[in-house]
Amino acid sequence: MTTIAHAYGFQLAAPNAFLEACELLIREPGPEEVVIEVAGCGVCHTDVGFATDGVPTRHPLPLILGHEISGRVVAAGERTGDWLGQSVIVHAVISCGVCPACRAGRPTICRQQFMPGNDGNGGFATHVLVPARGLCPVRELLPRGITLEMLSVVADAVTTPYEAIRRSGLGPEDVAVIVGAGGVGGFGVQIAAALGAAVVAIDVDRERLELASRHGAGLVLDASSTDLKGLKGAVRAFVKQSTRQGIGLKIFEMSGTPAGQITAFGLLDHGAYLAVVGFTPKPVELRLSNLMAFDATARGNWGCPPDQYPAALRMVLEGKIALSPFVEFHALDEAPAVIQAAANHSLRRRAILRPNHHEQRH
Ligand SMILES: [Zn+2]
Ligand SMILES: [Zn+2]
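A quick note: this is a predicted structure, and the numbers were derived from the prediction, not measured.

A.B. asks: Please provide a residue-by-residue account of the coordination of the zinc ion (ligand 2), values included.
C.D. replies: Coordination sphere of the zinc ion (ligand 2), protein contribution only: Cys96 (SG), Cys99 (SG), Cys102 (SG) and Cys110 (SG), at 2.3 to 2.4 Å. Here the zinc ion (ligand 2) is ringed by 4 donor atoms whose angles at the metal span 103 to 117 degrees, and the overall shape comes out tetrahedral. In primary-sequence terms, the residues that donate to the zinc ion (ligand 2) follow C-x2-C-x2-C-x7-C. With relative accessibility at 13%, the residue Cys102 sits in the buried group.

Rendered as structure tokens:
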């Protein structure tokens, strides 16, 4: 064991149980591993799925959840010494780099991947042990208003929509429709706008829609008071008025809800592109033939390839993606309550759990 005193985390011991505090014995990092002192760990819909929806983790329970981690390297293995002291964002999906999928340029579907909080203990903790190949370095001097703990959301909530939007080839001639302007979609709106597209945001929450309209959405639509027909009509009018020449809507389902998925699919038009970014274990009924009839494309993405992290981080550091209006901080010790609040959809912003290392040392 390394000499990390008072390391602890919050583990899920059984499906649908409350997270419980547990002591954390961090083993000596292997030759290719590092130990991160967690600065912040974002709470994702996927964690809620594991904790309250019975979605099984790949590593058996008990397990410390959390895959949206930023922090500092405090212990290194034989070949990872160069990372010591470095501020980092941990990739949410850490690919092996050598398997057929990785060699084929599809690292996010690497079968040997390590996802913290799914394949092993994650970031709802003071410390986490991860393979060093899964690190994105963060420069020491950050722009005003951006902190290392805040950058935890880049691990997933920013990079996953970034990758979905990159794959769609979105550009200035396109209209992007972001369904679900919450913890992930709020960043999706900003990324799409930064790429020059005209952006529509659809959500059921007034406050989120107001935030989206202040951060790049040219049209916001409240799906709690507008039916699909109404949404379609409003989007069509917006496309016309935008004078963009792109063929087909680029639709991004970021709500991870059955209602959002039905709305996103229902908006397909000729040549449309539908990206499935949000996750729900619940099934929906769709007429799949609409893809054929509209000559449309639907695509999903599991996280973001390692080589795209620096570009996504750069957008944040250049101020093209604002983080602070979209996140809220909670003490790590509030993890059980925060997961419940996320499950009840009572959080409006992306929650970041923050261990208080300073206090622990005194
Ligand atoms: Zn996630
Ligand atoms: Zn691989």
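A.B. asks: Summarise the coordination of the zinc ion (ligand 1); cite the residues concerned and give the values.
C.D. replies: Here the zinc ion (ligand 1) is held by Cys44 (SG), His67 (NE2) and Asp156 (OD), and the distances to it run 1.7 to 2.2 Å. Motif for the zinc ion (ligand 1), donor spacing along one chain: C-x22-H-x88-D. In this pair, Cys44 is assigned in the loop between strand 3 (33–42) and helix 1 (45–52) and His67 in the loop between strand 4 (63–64) and strand 5 (69–76), connecting sequence segments 23 residues apart. Note on Cys44: relative accessible area 6%, which makes it buried.

A.B. asks: How would you sum up the packing of aromatic side chains? Please name residues and give values.
C.D. replies: Counting across every chain of the model gives 2 aromatic pairs. With 6.3 Å between their ring centres and 70 degrees between their planes, Tyr8 and Phe10 make a pair best called edge-to-face. A ring pair is formed by Phe187 and Phe326, whose centres lie 5.7 Å apart and whose planes are at 50 degrees; its orientation type is tilted. Taken as a pair, Phe187 in helix 4 (residues 185–194) and Phe326 in the loop between helix 9 (309–317) and strand 15 (327–331) lie far apart in primary sequence, 139 residues in all. Summarising the burial analysis for this pair, Phe187 and Phe326 share the class buried. The positively charged end of Arg354 is found above the aromatic ring belonging to Phe329, 4.2 Å away from the centroid.

A.B. asks: So, unusual backbone geometry: which residues are in play, and what are the values?
C.D. replies: Leu61 connects to Pro62 through a cis peptide bond whose omega is 0 degrees. Along the polypeptide, Pro62 turns up in the loop between helix 1 and strand 4. The phi dihedral of His6 is positive, around 60 degrees, even though this residue is not glycine. Residues other than glycine seldom take positive phi values, yet His345 does so here, at roughly 55 degrees. Here His345 lies in the loop between helix 10 (335–343) and strand 16 (350–354). Among the residues examined, His345 registers a relative accessible area of 57% and is labelled exposed.

A.B. asks: Could you give me a rundown of the state of the cysteines, with the residues and numbers involved?
C.D. replies: The final tally for this structure, using the stated rule, is 0 disulfides. The cysteine Cys304 is free of any disulfide, with Cys136 supplying the nearest cysteine sulfur at 9.5 Å. By relative accessible area, Cys304 is classed as buried at 2%.

A.B. asks: With reference to specific residues and values, describe the sheet that holds strand 2 (residues 20–23).
C.D. replies: On the basis of which strands lie adjacent, the open sheet formed by 3 strands has the order 2-1-4 and antiparallel pairing. Taken across any chain shown, the strands that pair with only one partner, and hence form the sheet edges, are strand 2 and strand 4.

A.B. asks: I'd like a rundown of the sheet that holds strand 11 (residues 219–222), residues and numbers included.
C.D. replies: The 6 strands lie next to each other as 11-10-9-12-13-14, forming an open sheet whose pairing is parallel. Looking at strand neighbours, the two that pair on one side only are strand 11 and strand 14 (297–300), the edges of this open sheet. Shown here is a sheet whose adjacent strand axes are inclined to one another by a mean of 15 degrees, direction ignored. Helix 3 (residues 159–168) contacts strand 12 (250–253), strand 13 (273–276) and strand 14 of the sheet and is inclined by roughly 160 degrees relative to strand 12. Sitting on the sheet, helix 7 (residues 258–266) touches strand 9 (175–179), strand 12 and strand 13, and the angle it makes with strand 12 is about 170 degrees.

A.B. asks: Tell me about the nonpolar core, and name the residues and values.
C.D. replies: Residues Ile89, Leu151, Val158, Phe187 and Leu323 are the most contacted members of the largest nonpolar core, which totals 51 residues. Take this core: its biggest share by element is 7 residues, from helix 9. In contact with Leu323, other than residues within four places in its own chain, are Met150, Leu151, Val153, Val158, Phe187 and Val316. If you look at the next biggest cluster of nonpolar residues, it comprises 43 residues, including Ala7, Val35, Leu63 and Leu347.

A.B. asks: So what about helix 3? Which residues, and what values?
C.D. replies: Within helix 3, 9 of the 10 residues are buried, which leaves the element mostly enclosed by the surrounding structure. Within helix 3, the full set of buried residues consists of Thr159, Thr160, Pro161, Tyr162, Glu163, Ala164, Ile165, Arg167 and Ser168. Contacts from the buried residues of helix 3 go to helix 4, strand 12, strand 13, strand 14 and helix 9. Phi turns positive one or two residues past the end of helix 3, at Gly169, with a value near 70 degrees.

A.B. asks: With reference to specific residues and values, describe the pattern of salt bridges.
C.D. replies: Taken as a whole and judged by the stated rule, the model has 14 salt bridges. With a shortest N-O distance of 2.8 Å, Arg27 and Glu33 are connected by a salt bridge. Note on Glu33: relative accessible area 18%, which makes it buried. Residue Arg206 is joined to Asp222 by a salt bridge in which the shortest nitrogen-to-oxygen separation is 4.0 Å. Taken together, the residues span a long stretch of sequence, with Arg206 in helix 5 (residues 206–214) and Asp222 in strand 11 at a distance of 16 residues. The exposure class of Arg206 is partly exposed, given its relative accessible area of 44%. Judged by relative accessible area, which is 11%, Asp222 ranks as buried. If you follow the salt bridges from partner to partner, you end up with Glu163, Arg166 and Arg167 in one network.

The rules behind these values
Residues numbered from 1 in each chain as written. Chains lettered and ligands numbered in written order. Predicted model: local features only at pLDDT ≥ 70, side-chain atom pairs only at ≥ 80, totals over all residues. Heavy atoms only, no water. Donors = N, O, S within 2.8 Å, 3.2 Å for Na, K, Ca; no water. Tetrahedral: all angles 85-135°; square planar, octahedral: opposite > 155°, others 65-115°. Buried < 20%, exposed > 50% of the residue type's maximum accessible area, 1.4 Å probe, protein only. Helix = DSSP H or I, 4+ residues; strand = E, 2+ residues; numbered from the N terminus. Phe/Tyr/Trp six-rings, centres within 6.5 Å; stacked < 30°, edge-to-face > 60°. Lys NZ or Arg CZ within 6 Å of the ring centre and 35° of its normal. Disulfide = S-S within 2.5 Å. Pairing = 2+ DSSP bridges. Axes fitted to C-alpha atoms, helices over the stretch in contact; angles between N-to-C directions. Contact = heavy atoms within 4.5 Å. Core = buried A, V, L, I, M, F, W, Y, C linked by side-chain atoms within 4.5 Å. Salt bridge = Lys/Arg side-chain N within 4 Å of Asp/Glu carboxyl O.

By themselves, these figures tell us nothing about what the structure is for.
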